[in-house]
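# Fold and contact review
Now for the letters of each chain:
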Amino acid sequence: MSNTDFVLAVEDLTVSFDGFKAVDKLNMYIDKNELRVVIGPNGAGKTTVLDLICGKTKSTAGSIKFKNRELTKLSEHEIVRAGVGRKFQTPSIYENLSVYQNLEVSYPKGRGVFGSLFFKRSDEVMAQVYKIAKEIMMEDILHTEAALLSHGQKQWLEIGMLLMQEPELLMLDEPVAGMSAKERDQTAELLNRICQNRSVIVIEHDMEFVKKIAHKVTVLHQGKILAEGAMDKVQANEKVIEVYLGH
Amino acid sequence: MNETLSKILGGKQGAIGLAILAAFIMIVLPLGLDPFRLGLIGKYLTYAFVAVSLVLLWGNGGILSLGQGIFFGLGGYGMAMFLKLEASDPVSTAIQSTPGIPDFMDWNQLTALPWFWEPFKSLPLTILAILVVPTIFAFLIGYAMFKRRVGGVYFAIITQAIALILSILIVGQQGYTGGVNGITDLKTLLGWDIRSDSAKYVLYYVNAGLLIACILLSRYVLSSKFGMLLLAMRDKEERVRFSGYDVSNFKIFIFCLAAMISAIGGAMFTLQVGFMSPTFIGIVPSIEMVIFAAVGGRMSLIGAVYGTLLVNFGKTMFSETYPELWLFLMGGLFIAVVMFFPNGIAGIYDKYAKKVPFLRKLSEETPKAKKAEAIPAAPVETKEAGVKA
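The structure displayed is predicted, hence computed values, not measured ones.

## A word on the packing of aromatic side chains
If you walk through the whole model with that rule in mind, you get 27 aromatic pairs over all chains. Aromatic side chains A:Phe6 and A:Tyr29 sit 4.9 Å apart centroid to centroid with 40° between the ring planes, which places their arrangement in the tilted category. In this pair, A:Phe6 sits in the segment before β1 (8-17) while A:Tyr29 sits in strand β2 (residues 20-30), placing the two residues 23 residues apart along the sequence. By relative accessible area, A:Tyr29 is classed as partly exposed at 27%. With a centroid separation of 4.5 Å and an interplanar angle of 55°, the aromatic rings of B:Phe269 and B:Phe280 are classed as tilted. Of the two residues, B:Phe269 is situated in helix α12 (residues 247-273) and B:Phe280 in the loop between α12 and α13 (283-296); the sequence distance between them amounts to 11 residues. For the pair formed by B:Phe269 and B:Phe280, the shared burial category is buried. Through a chain of ring-to-ring contacts, the aromatic side chains of B:Tyr47, B:Phe72, B:Phe269, B:Phe275, B:Phe280 and B:Phe292 assemble into a single cluster. Just above the ring of A:Phe119 sits the side chain of B:Lys225; from NZ or CZ to the centre is 4.5 Å. If you follow B:Arg298 out to its NZ or CZ, it ends over the ring of B:Trp58, 4.9 Å from the centre.

Okay, here's the thing in structure tokens:
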């Protein structure tokens with residue numbers, strides 16, 4: 001495959017679990033600064049696609065190129081270091097640590113064993129923590145233990161932890177699941193802000209929310225792409241209505 | 001530099017806790033006990049090294065090793081081999097068919113010193129071996145397991161199996177290791193009689209000093225970013241991995257460090273007790289050490305020392321009167337601690353110390369994480385305060 005201008009180029013990606021193809025010859029291209037939403041019914045393979053990109057699951061065939069660098073051969077931490085961040089479906093934060101510590105631990109310096117032993121809390125680190133804390137609306141509760149946060153705040157904190165690493169590609173798995181209407185609005189604003197200088201892939205079921213954020217929508221069904229394009233076009237698509245949106 | 005110092009001491013509260021511990025084991029106990037009882041305490045304090053290592057590994061890292069006896073034993077055997085060679089000079093072993101080699105080798109028809117005993121003729125090489133051999137062994141085990149992401153209960157079982165294998169190996173290779181009796185009749189260290197009362201005092205203080213040094217080193221590790229990552233890994237390993245860290249390297253390192261600390265304890269054990277045997281390597285001692293750490297508080301380096309002393313004190317008391325009941329009692333103690341006091345003695349202290357005005361004042365001066373107060377909007381889950389000291 002030749003080099004492209006896309007941030008992420010997924011080609012012929014296939015993964016099979018005991019013969020069941022969860023993702024089947026998938027092609028997907030993400031532009032710079034694009035916010036792509038992936039929708040589809042349960043079991044369509046949405047989460048599996050994210051797992052494949054971030055290295056959690058190894059592909060059976062096909063290629064994933066991030067800035068023209070092949071990711072399928074890299075281990076998870078190398079993919080992260082290349083600039084891909086991934087948020088899990090259920091909030092994954094360190095409940096025993098404070099908000100500040102959660103963010104600081106995610107700072108991309110001192111990632112080796114000895115680097116972490118002699119890591120210094122420099123002004124630069126603190127400035128980055130405060131900047132991100134402000135971004136995720138948590139600058140007033142930096143010293144709260146993360147276990148005490150509300151569900152929505154935990155989701156934001158995890159997004160903040162990813163932002164600490166300044167990833168060029170951010171992947172979010174159902175970021176507004178379980179959030180109140182107000183929190184959903186705030187999250188939509190947050191996502192619109194953070195995709196200014198990076199590409200974002202979001203998996204989401206909430207159509208109202210998708211409308212607020214999506215540049216382009218990809219509909220997955222049985223591991224294949226059913227439709228792709230602008231939100232209104234996809235919503236009008238007969239096949240999409242049949243398998244997913246309903247009449 | 002000041003920042004590093006305060007990290008090592010663990011802030012004001014940590015420094016006071018450590019000072020109290022140091023005063024207790026270095027002043028109160030030596031003044032209050034006769035040499036025999038103090039010798040027992042010295043022996044218990046060598047187990048405390050292992051308990052401290054388990055606080056790092058298990059309490060903070062979430063990696064339960066049921067085979068720390070391996071490293072305690074390797075350290076102990078290293079020291080015993082040196083002392084045995086010194087005790088086996090040609091003059092005192094003149095009646096053997098091969099003078100100049102340890103007596104058990106002679107009984108087993110060995111006619112020359114095995115090659116791996118050679119380095120133990122030199123004290124510097126012995127000290128090096130005590131520190132390095134267990135660490136390398138831990139590295140090999142850790143590399144094989146953590147790179148394949150073996151963890152949790154599987155790791156615990158495998159370490160236990162290795163402890164058993166090693167003790168069987170030592171028992172089986174009598175000619176090379178002294179077999180089931182271990183290495184006995186240790187007399188002098190560079191000509192200095194380690195069995196005299198004065199030597200026992202000196203060794204007791206060396207041991208106490210090394211223990212404090214290991215606690216300080218562990219404090220530094222836990223207060224660094226590495227320590228934060230350990231907690232993070234224990235909590236959400238996947239999140240750490242997907243934040244760009246090679247989780248296995250961190251686990252290997254802490255396992256190696258725990259092994260080295262345990263080995264120092266083992267070497268000090270040999271020096272103070274005067275022998276080393278496979279009974280300190282196998283499954284039972286390895287599990288006992290975990291109980292020491294659990295009773296003391298698996299998150300607390302200082303608690304681990306008190307836990308070790310307390311359990312061993314109980315063991316001595318009860319096994320003098322009801323030897324057959326002790327194992328049941330210890331099993332019960334372990335279950336009770338896990339069920340009712342998951343943070344052990346240190347947890348009880350944290351919970352109740354706050355009710356004593358003087359102690360409360362102390363602990364409030366170093367706030368760890370502010371609770372609830374400043375969370376706007378959304379309702380806050382009311383979880384019992386669980387910040388680890």
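That shown, we press on.
## A word on the sheet that holds strand β8 (residues 199-203) of chain A
All names here are of chain A. If you trace the 6 strands from one edge of the open sheet to the other, you get β6-β7-β8-β3-β9-β10, paired in mixed fashion. The strands lining the two open edges of the sheet, one partner per strand, are β6 (84-87) and β10 (224-229). Each strand axis lies, on average, 15° off the axis of its neighbour in the sheet, ignoring direction. In the sheet, strand β3 (residues 35-39) pairs with strand β9 (residues 216-221) via 4 bridges, with the strands oriented parallel. For valine 38, the partnering residue across the bridge sits in β9 and is threonine 218. Packing against the sheet, helix α1 (residues 46-54) makes contact with β3, β6, β7 (169-173), β8 and β9, and its axis sits at approximately 145° to β7.

## Remarks on the nonpolar core
Among the nonpolar cores identified, the biggest contains 165 residues, and A:Leu103, A:Leu157, B:Ile25, B:Leu45, B:Leu211, B:Phe226 and B:Ile254 are the most heavily contacted of them. With 17 residues, α12(B) is the largest single contributor of residues to this core. Mapping this core onto the domain boundaries places at least three of its residues in each of domain 1 (1-83 + 167-247) and domain 2 (92-165) of chain A. If we skip the residues at most four places from it in the chain, B:Ile254 touches B:Leu56, B:Leu57, B:Ile63, B:Val221, B:Phe226 and B:Leu230. Core analysis: the next-biggest nonpolar cluster, separate from the first, contains 32 residues, A:Met28, A:Val49, A:Cys54 and A:Leu220 among them.

Analysis parameters
- All chains use their own residue numbering, which begins from 1 and follows the written sequence.
- Here chains are named by letter from A upward and ligands by number from 1 upward, in the order in which they appear as written.
- Whole-chain, interface and lining totals are the exception, using all residues; otherwise, since this is a predicted model, local features are given only for residues with pLDDT of at least 70 and side-chain atom pairs are given and counted only at 80 or more.
- Side-chain measures here rest on the full set of heavy atoms in the structure, leaving out hydrogens and waters.
- Think of it this way: a Phe, Tyr or Trp ring, Trp meaning its six-membered ring, pairs with another when their centres are within 6.5 Å, and the plane angle makes it stacked under 30 degrees, edge-to-face over 60, tilted otherwise.
- Where helices and strands are cited, they refer to DSSP runs of H or I of at least four residues and of E of at least two residues respectively, numbered from the N terminus.
- Three labels apply to residues, based on accessible area from a 1.4 Å probe with only protein chains included: buried if under 20% of the type maximum, exposed if over 50%, partly exposed otherwise in between.
- We count a charge as sitting over a ring when the NZ of a lysine or the CZ of an arginine lies within 6 Å of the ring centre and within 35 degrees of the ring normal.
- Two strands pair if DSSP finds at least two bridges between them.
- Axes, fitted as lines to C-alpha atoms, cover a helix only where it is in contact. Angles between the N-to-C directions of the axes lie from 0 to 180 degrees.
- Here a residue-residue contact requires only that any non-hydrogen atoms of the pair lie within 4.5 Å.
- Buried Ala, Val, Leu, Ile, Met, Phe, Trp, Tyr and Cys residues form a nonpolar core when they are joined through side-chain atoms within 4.5 Å.
- Domain segmentation is taken from an automatic or database assignment of domains.

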